[in-house]
Amino acid sequence: MIARIFQPAKTAMQSGQAKTDTWVLEFVPSESRSVDPLMGWTSSGDTQTQVRLSFDTKDAAIAYAERNGIEHRVAEPKKRKHIIRPGGYGDNFAHNRRAAWTH
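Keep in mind the model is a prediction, meaning the values are calculated, not measured.

Reading the values: the criteria
- Residues numbered from 1 in each chain as written.
- Predicted model: local features only at pLDDT ≥ 70, side-chain atom pairs only at ≥ 80, totals over all residues.
- Heavy atoms only, no water.
- Helix = DSSP H or I, 4+ residues; strand = E, 2+ residues; numbered from the N terminus.
- Rg over C-alpha atoms; globule rule 2.2 N^0.38 Å.
- Buried < 20%, exposed > 50% of the residue type's maximum accessible area, 1.4 Å probe, protein only.
- Contact = heavy atoms within 4.5 Å.
- Pairing = 2+ DSSP bridges.
- Axes fitted to C-alpha atoms, helices over the stretch in contact; angles between N-to-C directions.
- Polar contact = N/O pair within 3.5 Å; in protein donor to acceptor, adjacent residues only side chain to side chain.
- Salt bridge = Lys/Arg side-chain N within 4 Å of Asp/Glu carboxyl O.

S.K.: Pulling in residues and values, what's your account of the overall build of the protein?
M.R.: Along the protein, the regular secondary structure elements total 1 helix and 6 strands. On C-alpha atoms alone, the protein measures out to a radius of gyration of 22 Å, which is more than a quarter above the 13 Å that the 2.2 N^0.38 rule sets for 103 residues. For the C-alpha atoms alone, the extent of the protein along its principal axes is close to 65 × 40 × 15 Å. For the protein, buried positions account for 18% of its 103 residues. Counting only contacts in the protein whose residues sit at least 6 apart along the sequence, the fraction spanning at least 24 positions is 52%.

This is the structure we're talking about:
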């Protein structure tokens, strides 16, 4: 069973970077899901996909996987470029504003 170690991205409902500094170890599904014909629920016999472990650092997650003999892949995060522009929204209300109010 292969595990994936990654740093989660921020959710669509958050504007900040909260809960994106941890590293997560989760198992890759080994079998496909099936639909129950009676109830229509999706199910799988693979219970390892329910396991999701959080770690403070990437090294701690890798050490855990190696200590327990878990084959793993590390997905490096793509760092977000911070948009800091001079004269942004706060400049609209600056006391030393020289241009005319435009809106």
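S.K.: Report on the sheet that holds strand E6 (residues 71–75), specifying residues and quantitative values.
M.R.: The 4 strands lie next to each other as E5-E2-E1-E6, forming an open sheet whose pairing is mixed. Of all the strands in the sheet, the pair left with one neighbour each is strand E5 (52–55) and E6. Adjacent strand axes in the sheet meet at a mean angle of 20° when their direction is disregarded. In the packing of helix H1 (residues 58–67) onto the sheet, the strands contacted are strand E1 (2–6), strand E2 (23–27), E5 and E6, and the crossing angle to E6 comes to about 165°.

S.K.: A description of the pairing of E2 should follow, citing residues and the corresponding values.
M.R.: Across the 5 residues of E2, 5 count as buried, placing the element largely inside the fold. Burial along E2 is two-sided: Trp23, Leu25 and Phe27 and Val24 and Glu26, pointing in opposite directions, are all buried. Of the pairings in the sheet, the one linking E2 to E5 comprises 4 bridges and is antiparallel in character. By the bridge assignment for E5, Glu26 is matched with Arg52.

S.K.: Which residues make up the environment of Ile83, and what values go with them?
M.R.: Turning to its location among the elements, Ile83 is positioned in the segment after E6. You can call Ile83 exposed: its relative accessible area is 68%. In the structure, Ile83 is positioned 59 residues away from Val24 in sequence and 27 Å away in space, judged by C-alpha atoms.

S.K.: Describe in detail the side chain of Gln7, supporting the description with residues and values.
M.R.: One can find Gln7 in the loop between E1 and E2. A polar contact of 3.0 Å, which involves the side chain of Gln7, links it to the backbone oxygen of Thr20. Apart from the residues within four sequence positions on either side, Gln7 is in contact with Thr20, Asp21, Thr22, Trp23, Ala75, Pro77 and Lys79.

S.K.: Which residues make up the pattern of salt bridges, and what are the values?
M.R.: As enumerated under the stated definition, the model contains 3 salt bridges in all. With a closest N to O distance of 3.0 Å, Arg4 and Glu26 form a salt bridge. Of this pair, Arg4 sits in strand E1 while Glu26 sits in strand E2, and the two are 22 residues apart along the sequence. Arg52 serves as the salt-bridge partner of Glu26, at 2.8 Å between the closest nitrogen and oxygen. You can see Glu26 sitting in strand E2 and its partner Arg52 sitting in strand E5, a full 26 residues away along the chain.

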